[in-house]
Amino acid sequence: MKYIAALDQGTTSSRSVLFDEEGKIHAIRAREFPQIYPQPGWVEHDPYDILTSQEATLAQVVRDSGVRVEDIAAIGITNQRETTIIWEKDTGRPIYNAIVWQCRRTADICQRLMDEGHTEMIRSKTGLLIDAYFSGTKIRWILDHVPGAQERAERGELLFGTVDTWLLWNFTSGHVHRTDYTNASRTMLFNIHTLDWDAEILELLRIPRAMLPEIQPSMSEFGLLSSSILGRHIPVTGVAGDQQAALFGQACFSRGTVKNTYGTGCFLLMNTGASPAVSRSGLLTTVACSSKERVEYVLEGSIFMGGASVQWLRDEMKMIETSAQSEEIARQVEDTGGVYLVPAFAGLGAPWWDMYARGTLVGMTRGTGRAHIVRATLESIAYQTRDVLEAMERDAGMKISSLKVDGGACANDLLMQFQADILPTQVFRPACIETTALGAAYCAGLMAGVWDNREVIAKNWKCQRVFTPAMEAGRREELYDGWKRAVSCAQGWALPGRG
């Protein structure tokens, strides 16, 4: 039996998963790491926390599983996207904390780019809207705020990477500075048509090309894991950003297939095939997991606060002790009693793209209690998903008849039933909800010859449960109208000079 080790480096935790040849989980280990909030709207990670937590889970999963290192055929890496790290080429030391994808500190840089008229140029080349979400303006901020960084970057002394590149660099002892198409396509620096860094955008943001990693397809040879980690060199043959990896893990290989991942954020992706689709509804055009012979594209709707909203209930509001407890508490009431939470803690993503929106709780009365707010938090995830799905249907010109789901929060039956009700469409939950890691494993295993083709791995997909809409149509639309009114209260709240 051969195994694939998938490194799944997420926003709040790192995990390592061993998959067997049938795509089944043999062992899994995870470790949370700290979140850093220097100012309101700012989010950072210590790059060494990312690295050490990921390395520790890899060593632990191999040790605890009893699998021989010699039986691990390859390694796949999947990661939180857009998060930006810059480090010294000679020492490997970061010059600043990782600026996380949720961070809104570069909103003013984005506003300037829009005011200068660069929106259409950037959208047409990158498939992205100008937003603080993406890596490009995060690089610009670090180069502006770390003394001497711009000059050092121009001299070739500094390297940039998204989290996959940071891990590759360290796990190969500094021998590999590479990324893949999916992660590159989230930087706002990558031309999705030429599949290369775009010279015009680099010049606009004054980012030296020498900082940037070499770009490869998701399924390719990325380098060898240092023998110091597991005792032998293991090839890294798959790298993909977490959402594209999840699409691949859900076997969404044909045009029009759709999945939603309920992780820290929520990310709805549709496979659009060999041609990039242009969105007129606030969605993003980005690159799917691809091989050298087969490049594909996706439409994506990015929701910034999914499971992170439940973590907010746990960590900041102290309303729950564990994320899993949210379902139990929410079931204590039949509905939210008219309460809506708009979790715009990091602005609003698709289809609104409002950098200045802020978290808003509306509709409370003297009878509002903890259970109402917990339930409203869960329901906010489903409402945001409908916002994106309707935009996707407009762009694609087709009705989406079913939705595959994955990620930790999809284990919540109350949320999944409400999701089916509010869309309305059937929701399919797979037997393996660790599809992000599974997608990375599939990419690595296809390249390493563990699986022959996509048809073989598509047969591994199994459905665990189907959620079917049961809500009366009038009630559904009444609830959704209330959600849209709540969103209007949150929009533009932090605009400079408002009020």
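As a reminder, the structure under discussion sits directly above these lines.
Given the structure is predicted, the values throughout are model-derived calculations rather than measurements.

## Re the overall build of the protein
Right, so step 1: Counting its regular elements, the protein contains 17 helices and 23 strands.
Right, so step 2: The C-alpha radius of gyration computed for the protein amounts to 22 Å, which stays within 12% of the reference 23 Å derived for 499 residues, consistent with globular compactness.
Right, so step 3: On the principal axes, the C-alpha backbone points of the protein span a range of 60 × 55 × 45 Å.
Right, so step 4: Within the protein, contacts between residues separated by at least 24 positions form 72% of all contacts whose residues are at least 6 apart in sequence.

## Some points on the side chain of Asn271
Right, so step 1: You can see Asn271 is positioned in strand β16 (residues 266-273).
Right, so step 2: Residue classification places Asn271 among the buried residues on the basis of a relative accessible area of 2%.
Right, so step 3: Among the polar contacts listed, one links the side chain of Asn271 to the backbone nitrogen of Gly273, at a separation of 2.7 Å.
Right, so step 4: Apart from residues no more than four positions distant in its own chain, Asn271 is found in contact with Leu247, Cys252, Phe253, Ser254, Arg255, Gly256, Thr257, Glu296, Tyr297 and Val298.

## Focus: unusual backbone geometry
In terms of backbone geometry, most residues other than glycine have negative phi values and most peptide bonds are trans.
Right, so step 1: Omega for the bond connecting Ala350 with Pro351 falls within 30 degrees of zero, at -5 degrees, which places this linkage in the cis form.
Right, so step 2: Along the chain, the position of Pro351 falls in the loop between β19 (340-342) and β20 (360-362).
Right, so step 3: Of note, the bond from Leu423 into Pro424 is cis; its omega dihedral lies within 30 degrees of zero at -15 degrees.
Right, so step 4: Look at Glu82: it is not a glycine, yet its phi comes out positive at around 70 degrees.
Right, so step 5: On the secondary structure map, Glu82 appears in the loop between β5 (72-79) and β6 (85-88).
Right, so step 6: A positive phi angle, close to 60 degrees, is found at Lys318, a residue other than glycine.
Right, so step 7: Locating Lys318 in the fold gives a position in the loop between α11 (307-315) and α12 (325-330).
Right, so step 8: Take Lys318: its relative accessible area is 63%, and that puts it in the exposed class.

## Description of the sheet that holds strand β23 (residues 463-467)
Right, so step 1: One open sheet accounts for seven strands, arranged β17-β18-β16-β15-β21-β22-β23; its pairing is mixed. Here the strands that pair on one side only, and so sit at the sheet edges, are β17 (284-287) and β23. Averaged over all pairs of adjacent strands, the angle between strand axes in this sheet comes to 30 degrees, irrespective of strand direction.
Right, so step 2: Two elements, strand β22 (residues 426-430) and β23, share four bridges in a ladder whose sense is antiparallel.

## Remarks on helix α6 (residues 163-171)
Right, so step 1: Burial analysis of α6 places eight of its nine residues in the buried class, which makes it a mostly covered element.
Right, so step 2: Turning to α6, its buried residues are Val163, Asp164, Thr165, Trp166, Leu167, Leu168, Trp169 and Phe171.
Right, so step 3: In the stretch just after α6, Ser173 is the one whose phi turns positive, near 55 degrees.

## Considering the nonpolar core
Right, so step 1: Ile86, Leu189, Met211 and Tyr262 are the most contacted members of the largest nonpolar core, which has 113 residues in total.
Right, so step 2: Per element, the largest residue contribution to this core is twelve residues, and it comes from helix α13 (residues 370-396).
Right, so step 3: The residues contacting Leu189, other than those within four sequence positions of it, are Thr126, Gly136, Ile139, Asp196, Trp197, Asp198, Ile201, Leu202, Leu205, Ile207 and Leu212.
Right, so step 4: Core analysis: the next-biggest nonpolar cluster, separate from the first, contains 34 residues, Val69, Ile85, Val163 and Leu168 among them.

## What about the pattern of salt bridges?
Right, so step 1: Within the structure shown, the criterion is met by 38 salt bridges.
Right, so step 2: The residue Glu116 makes a salt bridge to Arg112 at a minimum N-O spacing of 3.6 Å.
Right, so step 3: Relative accessible area serves as the criterion here: at 44%, Glu116 is assigned to the partly exposed category.
Right, so step 4: For Asp413, the salt bridge identified is with Arg465, shortest N-O distance 3.2 Å. You can see Asp413 sitting in helix α14 (residues 413-422) and its partner Arg465 sitting in strand β23, a full 52 residues away along the chain.
Right, so step 5: Residue Arg465 is classed as partly exposed on the basis of its relative accessible area, which comes to 35%.
Right, so step 6: Bridged by salt links that share partners, the residues Arg81, Glu82, Arg186, Asp242 and Glu300 form one connected network.

## Some remarks on the pairing of β5
Right, so step 1: Burial of β5 is extensive: seven of the eight residues sit out of reach of the surface.
Right, so step 2: Taken together, the seven bridges between strand β1 (residues 3-9) and β5 define a ladder with parallel strand orientation. Bridge pairing links Leu7 to Ile77 in β5.
Right, so step 3: Here five bridges tie β5 to strand β14 (residues 234-241), and the two strands are oriented parallel to one another. Counterpart to Asn79 in the pairing with β14 is Gly241.

Rules used throughout
- Residues numbered from 1 in each chain as written.
- Predicted model: local features only at pLDDT ≥ 70, side-chain atom pairs only at ≥ 80, totals over all residues.
- Heavy atoms only, no water.
- Helix = DSSP H or I, 4+ residues; strand = E, 2+ residues; numbered from the N terminus.
- Rg over C-alpha atoms; globule rule 2.2 N^0.38 Å.
- Contact = heavy atoms within 4.5 Å.
- Buried < 20%, exposed > 50% of the residue type's maximum accessible area, 1.4 Å probe, protein only.
- Polar contact = N/O pair within 3.5 Å; in protein donor to acceptor, adjacent residues only side chain to side chain.
- Pairing = 2+ DSSP bridges.
- Axes fitted to C-alpha atoms, helices over the stretch in contact; angles between N-to-C directions.
- Core = buried A, V, L, I, M, F, W, Y, C linked by side-chain atoms within 4.5 Å.
- Salt bridge = Lys/Arg side-chain N within 4 Å of Asp/Glu carboxyl O.

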